[in-house]
Amino acid sequence: MTKEKQVIEIPFSKMVYCGDCGCKLPRQFYLPGHRHEGVYRCPASPKTGREGIVTTPELINTVTTALIKERDAALSTKAGKEQEHQKILSEQYGQQISVLMEEIRSNCAAINGIYGSHSKPGPLSEPEKAQVLPYNKSNWELAGQLADLEEEYFRYRQGFIEGKVWMNLYASLPSEFTLTREIIHQYTERIEIFHDTHILVTMLTQKERTALEWSLALPAQKGICPEQRMEVDPHA
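Everything quoted here is computed from the prediction, not taken from an experiment.

On to the overall build of the protein, then. Assigned secondary structure in the protein consists of 5 helices and 6 strands. Listed N to C, the secondary structure of the protein is β-β-β-α-α-α-α-β-β-α-β in terms of helices and strands. Burial statistics for the protein: of 236 residues in total, 38% are counted as buried. Within the protein, contacts between residues separated by at least 24 positions form 64% of all contacts whose residues are at least 6 apart in sequence. Carbon and sulfur atoms make up 55% of the accessible area of the protein, which totals about 14,400 Å².

Further remarks concern the pattern of salt bridges. Summed over all chains, the structure comprises 4 salt bridges. Lysine 129 is the salt-bridge partner of glutamate 126, the closest N and O atoms lying 3.6 Å from each other. Here lysine 129 and glutamate 126 lie together in helix α2 (residues 126-162), a separation of 3 residues that amounts to about one turn.

This part covers the packing of aromatic side chains. The full count for this structure, using the stated rule, is 3 aromatic pairs. A centroid spacing of 6.5 Å and a plane angle of 90° characterise the contact between phenylalanine 12 and tyrosine 40, whose relative ring orientation is edge-to-face. Remark: tyrosine 40 occurs in strand β2 (residues 39-40) and phenylalanine 12 occurs in the segment before β1 (16-18); sequence separation between them is 28 residues. Just as phenylalanine 12 is buried, tyrosine 40 falls in that class too. Here the guanidinium or amino end of arginine 190 rests over the ring plane of tyrosine 17, the centre of that ring lying 4.0 Å away.

What follows concerns the environment of glutamate 152. As for its position among the elements, glutamate 152 is in helix α2. On the basis of relative accessible area, glutamate 152 is assigned to the partly exposed category, the value being 31%. Spatially, the C-alpha atom of glutamate 152 lies 9.4 Å from that of tyrosine 93, the residues being 59 residues apart in sequence. Those residues in contact with glutamate 152 that lie beyond four places of it in its chain are Gln92 and Tyr93.

This part covers unusual backbone geometry. In this structure, threonine 197 is a non-glycine residue whose phi angle is positive, near 75°. Note on placement: threonine 197 falls in the loop between β4 (188-193) and β5 (199-203).

For the rest of this paragraph, the subject is the confidence of the model for the protein. In the predicted model, the protein carries a mean pLDDT of 79, and 78% of its residues have values of at least 70. Per-element confidence in the protein is highest for β1, whose mean pLDDT is 92, and lowest for strand β6 (residues 229-232), whose mean pLDDT is 50. In this model, residues 1-8 is a region of pLDDT below 50 whose contacts with residues beyond four sequence positions or in other chains number 8 contacts. Scored below 50 in pLDDT, residues 218-230 makes 22 contacts in the model with residues more than four places away or belonging to other chains.

Before going further, it helps to examine the pairing of β5. Of all 5 residues making up β5, 5 are buried, and the element is well covered by its neighbours. Bridge analysis of β4 against β5 gives 5 bridges, and the strand direction is antiparallel. Each bridged residue has a counterpart across the sheet, and for threonine 188 the counterpart in β5 is methionine 203. Counted along the chain from β4 to the antiparallel partner β5, the turn is 5 residues long, and its residue threonine 197 has a positive phi close to 75°.

Inspection of the secondary structure assignment puts valine 201 in strand β5. We classify valine 201 as buried; its relative accessible area is 0%.

Let's shift gears to helix α1 (residues 56-116). Over its 61 residues, α1 extends 84 Å from the first C-alpha to the last, a length consistent with the 90 Å expected when each residue adds 1.5 Å. The largest bend in α1 is about 35°, located at glycine 94.

So, on to the nonpolar core. The nonpolar side chains of soluble globular proteins are, as a tendency, buried together. Counting residues in hydrophobic clusters, the biggest one holds 30 residues, and the most contacted among them are Phe12, Leu59, Val63, Leu67, Tyr170, Leu179 and Ile193. When contributions to this core are tallied by element, the ones reaching two or more residues are β1, α1, α3 (165-171), α4 (181-187), β4 and β5. Ranked by residues supplied to this core, first place goes to α1 with 6 residues. Beyond its immediate sequence surroundings of up to four residues, leucine 179 is in contact with Pro11, Phe12, Ile60, Val63, Thr64, Leu67 and Ile184. Core analysis: the second largest hydrophobic core is formed by 5 residues, Tyr93, Leu100, Ile104 and Leu149 among them.

Rules used throughout
- Residues numbered from 1 in each chain as written.
- Predicted model: local features only at pLDDT ≥ 70, side-chain atom pairs only at ≥ 80, totals over all residues.
- Heavy atoms only, no water.
- Helix = DSSP H or I, 4+ residues; strand = E, 2+ residues; numbered from the N terminus.
- Buried < 20%, exposed > 50% of the residue type's maximum accessible area, 1.4 Å probe, protein only.
- Contact = heavy atoms within 4.5 Å.
- Areas by Shrake-Rupley, 256 points an atom, 1.4 Å probe, with all protein chains shown as cover.
- Salt bridge = Lys/Arg side-chain N within 4 Å of Asp/Glu carboxyl O.
- Phe/Tyr/Trp six-rings, centres within 6.5 Å; stacked < 30°, edge-to-face > 60°.
- Lys NZ or Arg CZ within 6 Å of the ring centre and 35° of its normal.
- pLDDT = per-residue confidence, 0-100.
- Pairing = 2+ DSSP bridges.
- Expected span 1.5 Å × (residues − 1).
- Bend = angle between axes of the 7 residues up to and from the residue.
- Core = buried A, V, L, I, M, F, W, Y, C linked by side-chain atoms within 4.5 Å.

Here it is as structure tokens:
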């Protein structure tokens, strides 16, 4: 009676490459003790035995760790951009709104003063109406400026927060997840294993990440270029 082979779910089929020669690395089963989950090793690697391979659990742990770090970086950057957004909103839009609102309040006070000085019952006289009209006209114009500011702020926010593909992509990664082919396709660009068995996970939209983190860096950190890729030694 043939014993049924136990196989764990492997999310990396045809998705792992050698970082030295660029060949696609198939999952191999020849190493004793790893015949169920398989291992990865480049045929051209000078290393032999356990020293030259990466097991599937090691690869899963490494890619999962890289994705968690990328998610944490995205969440941190998003929080920083929100703070920057609020600062700009306060300095740029908040000040303009305060000025407009103060003008509207001043106009309303002037109108109330005209009505308050109207001693006779009934509607305002023509001269009084002529006095009120410029204040009403000014408030209509100011209300239009407020509406334009609101629309401008909406467009600004769309580009400032919602338009950031990298930040929103990795911030959307669940706090707890199981690595699957779908997640690998959605969040990584390339997975490479080098002959010395260190693993390189290249994420998507890294130019945007660099630009975002650069914009938030302190002046003393401006000379440090943020890392674009996650390299891990699975045996460290």
